[in-house]
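# Observations on chain architecture
Chain residues, written in single-letter form:
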Amino acid sequence: MLLITCPFCGPRDEIEYRCGGESHIVRPQLAATDKEWAEYLYSRKNPRGVHFERWVHVAGCGLWFNVARDTVTHEMCAIYAMGDAKPDIAP
């Protein structure tokens with residue numbers, strides 16, 4: 001089981017959290033093409049290594065935050081607030 005540190009509540013077991021998918025996705029303009037909208041809605045990265053994700057603490061404070069997680073080792077490389085810039089983490 002993973003131990004995830006909520007930036008608001010501190011360390012808790014992973015059962016208290018839900019992953020909300022890839023973070024730092026930019027919504028296209030309203031005038032975007034159907035292809036651009038389809039890319040935004042359905043295409044996600046699935047890298048081997050560091051991946052930036054959104055998580056919510058459902059069994060705690062209910063707040064969202066970002067996590068840089070290594071998809072191979074599941075190591076949480078960085079945990080930071082929504083709206084903060086993506087940290088510079090080498091793969």
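Read on for a plain summary of the structure. On a predicted model such as this, the values are computed, not experimentally measured, just so you know.

Moving on to the state of the cysteines. Tallied over the full model, the rule gives 0 disulfides. Just so you know, Cys19 is unpaired, no disulfide at all, and the nearest cysteine sulfur is the one on Cys77, 14 Å from it. Under the relative-accessibility criterion, Cys19 is labelled partly exposed at 42%.

Where burial is concerned, most of strand β4 (residues 50-57) is hidden: 7 out of the 8 residues are buried. In the sheet, strand β3 (residues 17-22) pairs with β4 via 4 bridges, with the strands oriented antiparallel. Among the inter-strand pairings, Tyr17 is bridged to a residue of β4, identified as His57. Connecting β4 to the next strand, strand β5 (residues 64-70), in antiparallel fashion are 6 residues, including Gly62 with a positive phi near 80°.

Here we take up the sheet that holds strand β6 (residues 76-81). Here 4 strands make up an open sheet; going across it, the order is β3-β4-β5-β6 and the pairing antiparallel. A single partner strand is all that each edge strand has here, and the edge strands are β3 and β6. For this sheet the average axis-to-axis angle between neighbouring strands, irrespective of direction, equals 30°.

Let us now look at the environment of Val58. Within the element layout of this structure, Val58 appears in the loop between β4 and β5. Taking the C-alpha atoms as reference, Val58 lies 25 Å from Ser43; in sequence the two are 15 residues apart. Setting aside residues no more than four positions away along its own chain, Val58 makes contact with Glu16, Tyr17 and Arg18.

What follows is about the packing of aromatic side chains. Both the distance between ring centres and the angle between the ring planes are used here to describe each pair of aromatic rings. Throughout the structure, instances matching the rule amount to 2 aromatic pairs. Here the aromatic rings of Tyr17 and Phe65 are separated by 5.9 Å at their centres, their planes lie at 90°, and the arrangement is edge-to-face. Separated by 48 residues along the polypeptide, Tyr17 in strand β3 and Phe65 in strand β5 bring together distant segments of the chain. No difference in accessibility class separates Tyr17 from Phe65, as the two residues are buried. The interplanar angle of 85° and the centroid separation of 5.7 Å between the aromatic rings of Trp37 and Tyr40 together place this pair among those described as edge-to-face. Residue Trp37 and its partner Tyr40 are located together in helix α1 (residues 34-42), separated by 3 residues, close to a single helical turn.

What counts and how
- Residues numbered from 1 in each chain as written.
- Predicted model: local features only at pLDDT ≥ 70, side-chain atom pairs only at ≥ 80, totals over all residues.
- Heavy atoms only, no water.
- Disulfide = S-S within 2.5 Å.
- Buried < 20%, exposed > 50% of the residue type's maximum accessible area, 1.4 Å probe, protein only.
- Helix = DSSP H or I, 4+ residues; strand = E, 2+ residues; numbered from the N terminus.
- Pairing = 2+ DSSP bridges.
- Axes fitted to C-alpha atoms, helices over the stretch in contact; angles between N-to-C directions.
- Contact = heavy atoms within 4.5 Å.
- Phe/Tyr/Trp six-rings, centres within 6.5 Å; stacked < 30°, edge-to-face > 60°.

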